[in-house]
Amino acid sequence: MSDLLTLHPHAKDLGGGFQVRRVLPAAQRRAVGPFVFFDHFGPATETPEDQHDVRPHPHIGLATVTYLFEGAMMHRDSLGTEQEIRPGAINWMTAGRGIVHSERKPEALKTETYVNHGLQLWCALPREHEEVEPSFSHTAAADIPATEVEGVPVRVLVGEAFGLRSPVPTLMPTLYLDIALPAGGAFSLPPLAPQMAVYAVDGDVMLGGEPLPQHTMGVLPDEDAAAGERPPVRITADGARRLVVVGGAPLDGPRFMSWNFVSSRRERILQAGADWEAQRMGHVPGETEFIPLPDHPFKTQSQTSAAEPEGNSKA
């Protein structure tokens, strides 16, 4: 598959030695469907001594999507939400005009040693919904639809696929799948969205006849109406592998990205920075800490063709 684009992650330290693999945004590709940000963390052993809590911080113009393979996190936000995230569930937080949230170690695990492993993604909101009222949705693992395709277990985390529809509420066409490829198994991925990518979570696979190494993303060719419907892409592996598929409709225009902010308007990014610096974006009930606005000059940030968020990514 000569037109496969392979994206390799780069390491980011979010503080306290907490490392993530950041795949999006990349120089070669800024977004896949609405997904403008893709972080993979773990498997990482958390001990009682580790301080990996993410203090309150703001977002605008995006939806954060949190999915755990192992471990737990406690989400709190300026809407008053308090929700523990467990493996298999989806947390979808629509920032809209602005929200503040934190993610911390659950109280019950503060004296325990355990493994945290998961994905933190951002979806840019459509222009018409960038300034919607913020909201939060938690979908329990038991409520995520699942099926088997060619004997391969598939969970439809967000969007529609294989006759199933996820209950996770979105504001744009979005696709997010969790695929558990068995050892020696094979899977034909149909063209489920105009833009799609496959991420190899825990081992090397073959994607359309091309190698896709562990911790890399293979971006499939975009839909081309003139060329007709794309054929399915064959995925194979020697051993059992976990894959995720992300995608959806293309963004309705470029986005500016700076720190934790996403917008189609540069001036909105600047206003959000000023609002956070003045602490006008709300507060997480019961929390007094917060992550300060970075001191890098927001005015030099460019559109999604060049800019990359900095600071924490634990959406």
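One can find the structure itself at the top, above this paragraph.
In this report, the structure presented in the accompanying data block is examined. The residue numbering used here restarts from 1 in each chain and proceeds along that chain's sequence as written. For a predicted model such as this one, the threshold for reporting local features is a pLDDT of at least 70, and the threshold for listing and counting side-chain atom pairs is 80 or more; totals across whole chains, interfaces and linings nevertheless cover every residue. The side-chain values count all of the structure's non-hydrogen atoms but skip hydrogen atoms and water molecules.

**Some words on the overall build of the chain**
Threshold: Only DSSP runs of H or I reaching four residues or more are called helices, and only runs of E reaching two or more are called strands; each is numbered from the N terminus. In this description the radius of gyration comes from C-alpha coordinates, and the expected globular size is given by 2.2 Å times residues to the power 0.38. Think of it in three bands: residues with accessible area under 20% of the maximum for their type are buried, residues over 50% are exposed, and the middle band is partly exposed, with areas taken using a 1.4 Å probe on protein chains only. Residues are treated as being in contact if the distance between any of their heavy atoms lies within 4.5 Å. Residue-level accessible areas treat just the shown protein chains as cover; the underlying method is Shrake-Rupley with a 1.4 Å probe. None of His or the chain ends enter the tally, which takes Lys and Arg as positive and Asp and Glu as negative. The location of each charge is read from NZ of Lys, CZ of Arg, CG of Asp or CD of Glu.
Within the chain one finds 1 helix and 26 strands. Expected size for 315 residues packed as a compact globule is a radius of gyration near 20 Å; at 19 Å, the chain falls within 12% of this value. Taking all 315 residues of the chain together, the buried fraction comes to 53%. The long-range fraction of contacts in the chain, counting pairs at least 24 apart against all pairs at least 6 apart in sequence, stands at 73%. Surface accessibility of the chain: about 12,600 Å² in total, with carbon and sulfur atoms responsible for 49%. Within the chain, one finds 26 positive and 40 negative side-chain charges whose respective centroids are separated by 4 Å.

**Details of the pairing of strand β13 (residues 146–149)**
Inclusion rule: DSSP-based pairing: two strands are paired if at least 2 bridges between them are found.
Sheet topology places β13 next to strand β14 (residues 152–158); 4 bridges connect them, and they run antiparallel. Bridge assignment links T147 to a residue of β14, and that residue is V154. If you look at the hairpin formed by β13 and β14, you'll find 2 residues sitting between the two strands, and E150 has a positive phi there, around 55°.

**Considerations on the pairing of strand β10 (residues 99–104)**
With 6 of 6 residues buried, β10 is to be regarded as a mostly interior element. The two faces of β10 match: I99, H101 and E103 on one face and V100, S102 and R104 on the other face are all buried. Direction of pairing for strand β5 (residues 54–59) relative to β10: antiparallel, over a ladder of 4 bridges. Among the inter-strand pairings, P58 is bridged to a residue of β10, identified as V100.

**Focus on the pattern of salt bridges**
The line we're drawing: Each salt bridge in this description consists of a side-chain nitrogen of Lys or Arg and a carboxyl oxygen of Asp or Glu lying within 4 Å of one another.
Tallied over the entire structure, the rule returns 18 salt bridges. The closest approach of N and O atoms between E287 and R104, which form a salt bridge, is 2.7 Å. Linking E287 in the segment after α1 (266–277) with R104 in strand β10, this pair joins segments that are 183 residues apart in sequence. Take E287: its relative accessible area is 15%, and that puts it in the buried class. For the salt bridge of E267 with R265, the shortest nitrogen-to-oxygen distance reads 3.8 Å. On the basis of relative accessibility, which here comes to 48%, the residue E267 falls in the partly exposed class. If you follow the salt bridges from partner to partner, you end up with D53, R104, E287 and E289 in one network.

**Observations concerning the sheet that holds strand β6 (residues 62–70)**
This is how the line gets drawn: The axes used here are C-alpha line fits, helices contributing only the stretch in contact, and every angle between their N-to-C directions lies in the interval 0 to 180 degrees.
One open sheet accounts for 7 strands, arranged β2-β3-β4-β11-β6-β9-β12; its pairing is antiparallel. The strands lining the two open edges of the sheet, one partner per strand, are β2 (10–13) and β12 (135–139). On average, adjacent strands in this sheet sit at an angle of 20° to one another, irrespective of strand direction. Relative to strand β3 (residues 19–24), β2 runs antiparallel, the two being bridged by 4 bridges. The residue bridging K12 from the neighbouring strand is V20, located in β3.

**Quick look at the sheet that holds strand β7 (residues 73–77)**
On the basis of which strands lie adjacent, the open sheet formed by 4 strands has the order β5-β10-β7-β8 and antiparallel pairing. Two strands in the sheet have a free side with no partner beyond their single neighbour: β5 and β8 (82–85). Between one strand axis and the next, the sheet turns by 25° as a mean value, whatever way the strands run. Strand direction decides the pairing type here: β7 and β8, joined by 4 bridges, are antiparallel. The residue bridging H75 from the neighbouring strand is Q83, located in β8.

**What to know about the packing of aromatic side chains**
Applied cut-off: Paired rings are identified among Phe, Tyr and Trp, the last through its six-membered ring, by centres lying within 6.5 Å, and are further divided according to the angle between planes into stacked (under 30 degrees), edge-to-face (over 60) and tilted (the rest).
By the definition in use, this model includes 8 aromatic pairs. An angle of 70° between the planes, with centres 6.0 Å apart, marks the rings of F35 and Y176 as edge-to-face. Residue F35 is found in strand β4 (residues 35–46), and its partner Y176 is found in strand β17 (residues 174–181); the two are separated by 141 residues along the sequence. Overall, the relative accessible area of 0% leaves F35 in the buried class. Here Y176 falls in the buried class, since its relative accessible area comes to 0%. Centroid distance F162 to F187: 6.0 Å. Interplanar angle 75°. Geometry classified as edge-to-face.

**Digging into unusual backbone geometry**
Omega for the bond connecting L24 with P25 falls within 30 degrees of zero, at 0°, which places this linkage in the cis form. Turning to its location among the elements, P25 is positioned in the loop between β3 and β4. Following G42, the chain continues into P43 via a peptide bond in cis, with omega recorded as 0°. Structurally, P43 is set in strand β4. The backbone phi angle of E150 is positive, close to 55°, even though this residue is not glycine. Relative to the helices and strands, E150 resides in the loop between β13 and β14. Non-glycine residue H215 carries a positive phi angle of around 65°.

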